[in-house]
Amino acid sequence: GAGVSQTPSNKVTEKGKYVELRCDPISGHTALYWYRQSLGQGPEFLIYFQGTGAADDSGLPNDRFFAVRPEGSVSTLKIQRTERGDSAVYLCASSPSGRAETGQFFGPGTRLTVL
Amino acid sequence: AQSVTQLDSQVPVFEEAPVELRCNYSSSVSVYLFWYVQYPNQGLQLLLKYLSGSTLVESINGFEAEFNKSQTSFHLRKPSVHISDTAEYFCAVSKNDYKLSFGAGTTVTVRA
């Protein structure tokens, strides 16, 4: 079946601009996660959705970052007033539930470059 | 909070040679342990996981990892690597919840 998809695959923007990154999880997966992977590092947790609600947004770095999942499926990560330090690969993952033992299924990521 | 240390950032290895990727974690509570692999230009894929029970876990493509509670380690091994094993490998832990904490990754380059 189809895996997790993310669009766009690459996004180049200028400092100060607004960007939206989209994630389509595996059908039927209630849990959705966003991670950020900077160069030379492992992914870092940003936010976790269970259904439509953000159950844990403790990883969002500041209030310029916001994510939604209005119908419990597709999610959008929104970044306002982008800064050069936001450049990274943004990964989305989904899982059948929020339980760690099921593992998380990752998308290919969106590479964001802020000039 | 838990942290994950992958002791080797780069591991070059010849084809058909064995490889070991080291992973240590710090946590005051029991954790679940995972290895993910990222092939060039692809997303992260789950390679294997330790939840409970037997401390030795295996993947379908010949990798194995052993959970060692006393040493807080979860090293990944393969007795004979192939060119196709060239990838970046990430160790991750979860404290019985939804949040994964990843190590910085180990790049394995297999040479003929």
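Our structure's up above, just so we're on the same page.
All figures in this text were calculated on a predicted structure; none of them were measured in a lab.

Further remarks concern the overall build of chain B. Each helix and strand counted, chain B has zero helices and 12 strands in total. Helices and strands in chain B line up, N terminus first, as β-β-β-β-β-β-β-β-β-β-β-β. Relative to a compact globule of 112 residues, whose C-alpha radius of gyration would be 13 Å, chain B shows 13 Å and is just as compact. Dimensions along the principal axes, computed over C-alpha positions, put chain B at roughly 40 × 25 × 25 Å. Split into buried and exposed, the 112 residues of chain B put 46% on the buried side. Summing over all exposed atoms, chain B offers an accessible surface of approximately 5,500 Å²; the carbon and sulfur share of this is 48%. Both charge centroids of chain B, one from 8 positive and one from 10 negative side chains, sit 9 Å from each other.

Taken together, the contact pairs 18 residues of chain B with 21 residues of chain A. For the pairing of chain B and chain A, the buried interface totals around 1,500 Å² over both sides, and the portion due to carbon and sulfur atoms is 58%. Taken together, the connections running from chain B to chain A amount to one salt bridge. The salt bridge involving Lys 99 of chain B is made with Asp 56 of chain A; its shortest N-O contact spans 3.4 Å. At the boundary of chain B and chain A, one finds six residue pairs in polar contact (both at pLDDT 80 or more). Those elements that provide at least two residues to the side of chain B that touches chain A are strand 5 (32-38), strand 6 (44-50) and strand 10 (87-94) of chain B. At four residues, strand 5 of chain B tops the list of elements feeding residues into the side of chain B that touches chain A.

The biggest cluster of nonpolar side chains holds 28 residues, and the ones touching the most others in it are Trp 35, Leu 48, Phe 74, Leu 76 and Tyr 89 of chain B. Among the elements that line this core, the one with the most residues is strand 10 of chain B, at four residues. Counting residues in hydrophobic clusters, the runner-up holds 20 residues, among them Val 4, Leu 21, Ile 47 and Val 114 of chain A.

Criteria and thresholds
Residues numbered from 1 in each chain as written. Chains lettered and ligands numbered in written order. Predicted model: local features only at pLDDT ≥ 70, side-chain atom pairs only at ≥ 80, totals over all residues. Heavy atoms only, no water. Helix = DSSP H or I, 4+ residues; strand = E, 2+ residues; numbered from the N terminus. Rg over C-alpha atoms; globule rule 2.2 N^0.38 Å. Buried < 20%, exposed > 50% of the residue type's maximum accessible area, 1.4 Å probe, protein only. Areas by Shrake-Rupley, 256 points an atom, 1.4 Å probe, with all protein chains shown as cover. Lys, Arg positive; Asp, Glu negative; His and termini not counted. Charge placed at Lys NZ, Arg CZ, Asp CG, Glu CD. Contact = heavy atoms within 4.5 Å. Buried area = accessible area lost by both parts, 1.4 Å probe. Salt bridge = Lys/Arg side-chain N within 4 Å of Asp/Glu carboxyl O. Polar contact = N/O pair within 3.5 Å; in protein donor to acceptor, adjacent residues only side chain to side chain. Core = buried A, V, L, I, M, F, W, Y, C linked by side-chain atoms within 4.5 Å.

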